[in-house]
Amino acid sequence: KRAIKTAMLFLASFIFPSASNRRTNGAVRFMYAIYLCLFCCAYFAIRMVFSGTNTDSRESANGRSRKTPEKPRIVPFGKYPLDERSVMEPHMKQTSKRKHRPPPPATMAFDMEDYDGETSSDDFEHSRADSLYEGDCAPMQPWQEMSFPTCNTFHELDMSLGGLVQWSFAYYTSGGYNDIFKVYQPNRDDQEFVMKDLQYPDTEYTERNFDRVRRDMLIMERLTSSPYIMDIYGFCGFASMVPNGQDPFDRLEIRRNKNDSMSQMERLELATTASRALADAHNIDHDGISSITHGDFALKQYMEVNGKIKMGDFNRGRFLRWNNKLKEPCTYTIGHNDGTFRSPEEYEYLPETSAIDVWALGSIIFEILTGRPVWRHEKPKVAQKKIIKGEFPPFPEEVKDIEDSDDPVDVILLKAIKMCYIYEPKDRPKAGVVAKFLQDNFDRLRSL
């Protein structure tokens, strides 16, 4: 209060000076000026002590300006929570001061009538990517935290429907999480590929879905050396570009039917190719230890591209972590496992490892051998309970004689199925063992 009073008297001496004591007022005003300067210095010093200054202010005060970092070639992801280091957009961050998701900008193409503007803590946690760090578990490989976007590849596309001169761009189909567009560029080896992007508005643009696409594209990028894995042409955010292919298993009809157009050796070759694709995926780091799982391994994940069968679609898979204390891979769980081709531990929601894919490989070979999917005449819930009990899928009545067949291909494929259908995950062979068994027998029969 005294300081404020002194400041007011100082200002008043300038506004209402007295002619009779002008000399006195001059001395007093000088003293008041000193008091006012001391007051201002003390005020700003106290404010800096109690309020603090940010990094940018301190750097500016020292004459240093923060340099804009160069565009990174490798973007770390998954190590940090949603904070200032996150690669997500600012409107997707969650802070302690803002508990509700803000509405998107009016310029974006959203239907605001369908947007409630709020989200619960459970919804927020579910929308986050799976953490690679938990307890003693950490990423098994450094590349699991990386990403290699090639957004310029997408910017170069002519995405006007119908295309103009150099490109042809058109809606193709939708499935799973994606809308799919066919892209064709003439005069460049007649190259045709598809661009996949998350379905709008059915699929939310969340960190969890972003990480799904990142995992899918990163695994395919790491497996470009394998002739059994789908190639990747581009990746940016939620979008990807991959070759356009066809379903190679359209000819899997009822065996020994007069309309069956697939030979026994073709069946064995398909089974061998399927197993080698999984073996390459599980040996992605060439060290014999699987650092990924596919998680949705079925015939639908294969495409025929330029006459070769290739596997893709890793967005349901997981990056396996390493337990630094136990010196072994960490397990994980998935909240919902559908279908009838999965392993017992998946339907029992027990800890999962890469062994789940080996069981699924057995279901793929079963379908290649019989021409029918596993548990075809059972409802999924009933079949899942039988799988948990340790029961194996029965052979369709149309091809019941396969079990007693002496055909060499039937015998080989039956043995491969039994290798995969081992109840305990720790006792199942690795995918590479099954692939080697099939490849050796395929080479032997082909040489006869």
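See above for the structure.
Residues numbered from 1 in each chain as written. Predicted model: local features only at pLDDT ≥ 70, side-chain atom pairs only at ≥ 80, totals over all residues. Heavy atoms only, no water.

Topic: the overall build of the protein chain
Stated precisely, the cut-off is as follows: Where helices and strands are cited, they refer to DSSP runs of H or I of at least four residues and of E of at least two residues respectively, numbered from the N terminus. Throughout, a residue-residue contact means that at least one pair of heavy atoms, one from each residue, lies within 4.5 Å. For every accessible area listed, the method is Shrake-Rupley and the probe measures 1.4 Å; residues are considered covered only by the protein chains on display.
Within the protein chain, the secondary structure is distributed over twelve helices and twelve strands. Sequence separation of at least 24 residues holds for 60% of the intrachain contacts in the protein chain that already meet a minimum separation of 6. Approximately 26600 Å² of the protein chain is accessible, and the part contributed by carbon and sulfur atoms is 54%.

Observations regarding empty space enclosed by the protein
To keep it simple, the criterion reads: Of the grid points, spaced at 1 Å and generated over the protein atoms alone, those admitting a 1.4 Å probe that cannot get out make up cavities, while open sets with protein on both sides within 12 Å along at least five of seven lines make up pockets; any residue with an atom within 4 Å of a point is treated as lining. Grid points are joined across faces, edges and corners, and a volume is the space filled by probe spheres set on the points. We call Asp, Glu, Lys and Arg charged. Ala, Val, Leu, Ile, Met, Phe, Trp, Tyr, Cys and Pro are nonpolar, and the rest, Gly among them, are polar.
In total, this model carries two cavities of 30 Å³ or more according to the counting rule given. Approximately 120 Å³ is the volume found for the largest cavity. Lining of the largest cavity is provided by Tyr-177, Asn-178, Lys-196, Leu-198, Asn-209, Arg-212, Val-213, Asp-216, Met-217, Phe-238, Ser-240 and Asn-315. Top contributing element to the lining of the largest cavity by residue count: helix H6 (residues 207–222), with five residues. Roughly 40 Å³ of volume is contained in the second largest cavity. In terms of lining residues, the second largest cavity is bounded by Ala-129, Asp-130, Arg-208, Asp-211, Arg-212, Arg-215 and Arg-318. For the lining of the second largest cavity, the element with the most residues is H6, which contributes four residues. Taken together, the residues of the lining of the second largest cavity sort by class into one nonpolar, no polar and six charged.

Notes on the nonpolar core
Convention followed: We define a nonpolar core as any set of buried Ala, Val, Leu, Ile, Met, Phe, Trp, Tyr and Cys residues linked to one another through side-chain atoms lying within 4.5 Å. Type-normalised accessible area, obtained with a 1.4 Å probe on protein chains alone, sets the label of each residue: buried when under 20%, exposed when over 50%, and partly exposed for intermediate values.
If you look at the biggest cluster of nonpolar residues, it comprises 74 residues, and the most contacted ones within it are Tyr-302, Phe-314 and Leu-438. Residue contributions to this core peak at nine residues, all from helix H9 (residues 355–370). Dropping the residues within four chain positions of it, Phe-314 is found in contact with Asp-216, Ile-219, Met-220, Leu-223, Ile-229, Ala-281, Ile-292 and His-294.

Regarding the environment of Tyr-228
Topologically, Tyr-228 is positioned in the loop between H6 and strand S5 (234–236). Take Tyr-228: its relative accessible area is 18%, and that puts it in the buried class. Counting along the chain gives 80 residues from Tyr-228 to Lys-308, while the straight-line C-alpha distance between them is 7.9 Å. In contact with Tyr-228, other than residues within four places in its own chain, are Thr-273, Arg-276, Ala-277, Asp-280, Ile-309, Lys-310 and Met-311.

Things to note about the sheet that holds strand S11 (residues 321–323)
The condition is simple: One requirement defines pairing of two strands: DSSP has to find at least two bridges between them.
Across the sheet, which stays open at both edges, the three strands sit in the order S1-S11-S12 with antiparallel pairing between neighbours. Every other strand in the sheet has two partners, leaving strand S1 (137–139) and strand S12 (328–329) as the edge strands with one partner each. Of the strand pairs in this sheet, S11 and S12 are connected by two bridges, and their pairing is antiparallel. Of the residues in S12, the one forming a bridge with Trp-322 is Pro-329.

So, unusual backbone geometry
The residue His-286 is not glycine, and still its phi comes out positive at about 60°. Look at Trp-375: it is not a glycine, yet its phi comes out positive at around 55°. Overall, the relative accessible area of 5% leaves Trp-375 in the buried class.

Description of a nonpolar patch on the surface
Keep this limit in mind: Patches here are clusters of residues that have more than 30% relative accessible area and form no salt bridge, with a 9 Å joining cutoff for like charges and a 5 Å cutoff for nonpolar side chains (Val, Leu, Ile, Met, Phe, Trp, Tyr). By definition, a salt bridge exists where a carboxyl oxygen of Asp or Glu is found within 4 Å of a side-chain nitrogen of Lys or Arg.
Nonpolar side chains collect at one region of the surface, where Met-31, Ile-34, Tyr-35 and Leu-38 lie side by side and expose about 370 Å² of accessible area between them. One can find Ile-34 in helix H2 (residues 22–51). In this structure Ile-34 comes out as partly exposed when scored by relative accessible area, which is 39%.

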